[in-house]
Every structure is written in structure tokens, then in C-alpha cells.
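Analysis of the macromolecular model
Residues per chain are reported as follows:
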Amino acid sequence: MFTSKDMAAIESTGYGNPRWENSKSVEIWRFRTASERLGWLNSAVAVATQQGDPAWKEFTIAIHEWIG
């Protein structure tokens, strides 16, 4: 993930359930950055859910911050 001045990496782990007509997945995202401006991302956690065609050419994604 890039901005005009900084960079952050996304570490994800999750599970996908491919089906013939509709594929779904859920992932937990954590972020890593050395940027001082984006340092708050290092403690952020997000849950991402995706749904799309079996080849993942067209899909929708919802990303929610996990506040614990």
C-alpha cells in the first residue's frame, strides 16, 4: 500500500470458501510501516470480507476496523 510519501505492508490471514457460482473469503489484516506519519497503522487490525466470481475477476470487499 503506497501513498505519495509513505509505504505500508498488509499482513493477512484468512479463509476462503470457493463455490461454483459464488466465492467468499474472510481475512484479518494487520499493517506494518516504518513511516512516522502512518505509525498508528502498526496497532490497527481490520477484518476484510470478500465475495465474487470463482476467478476473483469481479468481487466486492468490505473492510472493517476491529476495535478490541
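Everything here concerns the structure above.
Residues numbered from 1 in each chain as written. Predicted model: local features only at pLDDT ≥ 70, side-chain atom pairs only at ≥ 80, totals over all residues. Heavy atoms only, no water.

1. A closer look at the overall build of the protein chain
The helix and strand inventory of the protein chain stands at zero helices and four strands. Starting at the N terminus, the α and β elements of the protein chain follow one another as β-β-β-β. The C-alpha atoms of the protein chain give 14 Å as radius of gyration, which overshoots the globular expectation for 68 residues (11 Å, by more than 25%). Counting only C-alpha atoms and orienting by the principal axes, one finds that the protein chain spans roughly 45 × 30 × 15 Å. Out of the 68 residues in the protein chain, the part that is buried amounts to 25%. The long-range share in the protein chain, meaning contacts at least 24 apart out of those at least 6 apart in sequence, stands at 30%. Of the roughly 5,400 Å² that the protein chain leaves accessible, carbon and sulfur atoms contribute 58%. (Helix = DSSP H or I, 4+ residues; strand = E, 2+ residues; numbered from the N terminus. Rg over C-alpha atoms; globule rule 2.2 N^0.38 Å. Buried < 20%, exposed > 50% of the residue type's maximum accessible area, 1.4 Å probe, protein only. Contact = heavy atoms within 4.5 Å. Areas by Shrake-Rupley, 256 points an atom, 1.4 Å probe, with all protein chains shown as cover.)

2. A closer look at the side chain of glutamate 27
Its place among the elements puts glutamate 27 in strand 2 (residues 23–32). It turns out glutamate 27 is buried and unbridged, and the closest side chain with the opposite charge, arginine 30, is 13 Å from it. In this structure the side chain of glutamate 27 is engaged in a polar contact, spanning 2.7 Å, whose partner is the side chain of tryptophan 29. Apart from residues lying up to four places away in sequence, glutamate 27 is in contact with Ser12, Thr13, Gly14, Ala46, Val47, Ala48 and Gln50. (Lys, Arg positive; Asp, Glu negative; His and termini not counted. Salt bridge = Lys/Arg side-chain N within 4 Å of Asp/Glu carboxyl O. Polar contact = N/O pair within 3.5 Å; in protein donor to acceptor, adjacent residues only side chain to side chain.)

3. Quick notes on the side chain of serine 35
Relative to the elements of secondary structure, serine 35 occurs in the loop between strand 2 and strand 3 (45–52). Here serine 35 falls in the buried class, since its relative accessible area comes to 12%. Only 3.1 Å separates the side chain of serine 35 from the backbone nitrogen of leucine 38, close enough to count as a polar contact.

4. A short note on the sheet that holds strand 1 (residues 9–17)
Here four strands make up an open sheet; going across it, the order is 1-2-3-4 and the pairing antiparallel. Unpaired on one side and paired on the other, strand 1 and strand 4 (59–65) mark the two borders of the sheet. Neighbour-to-neighbour, the strand axes of the sheet open up by a mean angle of 20°, direction not taken into account. Sheet analysis places strand 3 next to strand 4, joined by seven bridges and oriented antiparallel. Following the sheet pairing, alanine 48 is matched in strand 4 by isoleucine 63. (Pairing = 2+ DSSP bridges. Axes fitted to C-alpha atoms, helices over the stretch in contact; angles between N-to-C directions.)

On their own, these measurements won't tell you what the molecule is for.
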